[in-house]
Every structure is written in C-alpha cells, then in structure tokens.
Amino acid sequence: MADGGISRLRTVVFVAPEKLRAGISGALAAQGFKDVTETGSATEFVDHAKFNDIDLVITLGPGEEMAVGNLIRDLRLGLLETSPFPIVLALLPTANKEEVIATIDSGVDDVLLFPLSVDALVKRIKQFSQDRRPFVITHDYVGPDRRVNPRADQAGSLLVKVPNPVRSRCVGVPDQDIRRGIEDAILVINRDKLKLNGLHLLRLLFDFCGDDETPPTGALTPSDFLQACMKSCDDTARRARGNSERPIRERAAAAAMTLRSFLGATDPTTDPRFESLFRSIEGVVNEISAYHGVELKL
C-alpha cells in the first residue's frame, strides 16, 4: 500500500481518556491520516457510526469503564445500524490472559499492547490493507475467526469472507462499491445466521424437552430456556428482512411475543399454555428449514 492510501481511511479513535485519545489521533495525523474522528463515549461512537462510514476503529480493551467489548460485540452482530465490518484494533495495557481472551471474544481484529510506537501501529494497520481473517458465524458470535486450524464444516459455525474496508479505501475503490459489498455481505451473514438460529432453537428444545429416546439434560431451567429462545427468535425476526423471508419473520416475532408473556412467572411450566411454546418454536425452525430447502437436524 502506498503511504497515500492511508490518508483516505475513515478512522475513529474510540478511547475515553482524553489525553490518550488526543495522543493517538495526533500521532495518526502526523503519519498522513486525514480523516480521524475522536469519540470519548459509547454514545458518541454510536451516534457517529449511524451517519458515517467507518473503515478503522482504534479502541481500548474491556478493562475500560465504557464496556467497549459489549459495544464491539453489538457492532459485529449488526445491532448498531451501521456496517459490522470495520477493522477494529484494541489496545491493552497488559498481556493479562483473561483480558486478552475477553477482548478477542468481543470480535476485534487484533489486540496490541501499549504503550507502542506509532510506527508499530501504522505497520499493523498497513498489514490489514492486504487481507483480513474471514468471519466465523455462530448463534451468538459474529467476528474474525481466531482458530488456528479453521474448519468451515465445524458443527454450529460457518465461515464467511467479509469486506475489508481498509484495503478497499486504500486502493481507491469508490464509495458506492464499498457500500454495495458491505450490503451483499450482510445479506449472506443474515441468511447463514437464520440457519444457525434454527439449529440453536432445535438444540434448546432437545436440551429442555429431550426426545423419545433421550431425557432432558437438565442443564436449562425454564427461565434459561425462555430467555435463550426469545433471544434467538428476536434475532431471527430482525434478520429476516426480505419478502421471501416474511413467513420466518412473522413466525419468529409471534414466538418471541409469546415467550415474553411467560417472563417473570415463578413457574411457567404450570401455565397450561406452556407446552404450546414448543410448537411455536418448532414452527420457526420449520420456516427456516423451508427457506433453506433442507430439514434442519442436530
């Protein structure tokens, strides 16, 4: 990448401490970054992301008071009304194993220890102008695949090649083409996520109810079962956006509404309506199966 390429990057420095935030922004500007936005709070970051394209995010790890890890996780899951694909670099003050794992699990692209030189930071950014890891999609995680030997056929997960806005911007890809690539990738992820949500609902039903040959595992309380099913149904309804996905959206939204009606009950299993929940959830799974043209099985 020619050094001029980095001047086109749309970068956000998402760091609470003002002095550190200003220091990072100033160092990037000195290296030729011309479009750098500072955000010192989660609200500022979300407000900026809703109305602006972002190629690169530089932030701090989960030790900070802003709960950055949760926000990056929401970004990757598509909950922030913006592209889920910016390159995200997280800075950590120590190599504490728990903090490193928690930061990686939030969906960042890389973790860097600071203090670090601006040359080292820019070098790492330039490496992302060449390639990035594919995203792994599971029922509760969307983000870079950190496995040493990734397998696309590993049960319960799928691998997806996603846009690399750092590379696209640096080599001069037009804005409309970058956005089109992002929109196409979101459609692919949503389709895959519907399938994984269906499989997750099947797993929840099996663990909670068992089948003709296997008793329930006992690992889920009724409250756990309700909450987990509701989360998957809500996500399914949100991702089933197209006209062809309308039956899925309607089934999932109705199931989620019914699940909510049981929240707060001391013992929801005593409600005569409780068993009808299973049929509602199975209905969501059947719609997803029909959409994908294959019966979903554990």
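The notes below deal with the structure included here. (Residues numbered from 1 in each chain as written. Predicted model: local features only at pLDDT ≥ 70, side-chain atom pairs only at ≥ 80, totals over all residues. Heavy atoms only, no water.)

**A few points about the sheet that holds strand β1 (residues 10-14)**
Pairing is parallel in the open sheet, where five strands are placed in the order β2-β1-β3-β4-β5. Of all strands in the sheet, those with a lone pairing partner are β2 (35-39) and β5 (110-113), marking the two edges. In this sheet, adjacent strand axes meet at a mean angle of 20 degrees when their direction is disregarded. Relative to strand β3 (residues 56-60), β1 runs parallel, the two being bridged by four bridges. Bridging across to β3, V13 finds its partner in I58. Against the sheet, helix α3 (residues 68-76) engages β1, β3 and β4 (87-92), with an angle of about 170 degrees to β4. (Pairing = 2+ DSSP bridges. Helix = DSSP H or I, 4+ residues; strand = E, 2+ residues; numbered from the N terminus. Axes fitted to C-alpha atoms, helices over the stretch in contact; angles between N-to-C directions. Contact = heavy atoms within 4.5 Å.)

**Details of the pairing of β2**
Consecutive side chains along a regular strand alternate between the two faces of the sheet. Looking at chain direction, β1 and β2 are connected through five bridges and run parallel. Paired with T11 across the strands is V36, a residue of β2. After leaving β1, the chain enters helix α1 (residues 18-30) and then returns to the sheet as β2, a path that is right-handed. (Right-handed = clockwise from strand over helix to strand, strands pointing away.)

**Quick notes on the nonpolar core**
Ranked by internal contacts, the top residues of the largest apolar core, which has 27 residues, are L201, F225, L259 and F274. Contributing elements (two or more residues each) for this core: α7 (175-209), α8 (222-239), α9 (246-260) and α10 (274-292). It is α10 that provides the largest number of residues to this core, a total of seven residues. Look past the residues within four positions of L259 in its chain and what remains in contact with it is L226, C229, M230, C233, L277 and I281. (Core = buried A, V, L, I, M, F, W, Y, C linked by side-chain atoms within 4.5 Å. Buried < 20%, exposed > 50% of the residue type's maximum accessible area, 1.4 Å probe, protein only.)

The analysis is restricted to geometry; functional conclusions fall outside its scope.
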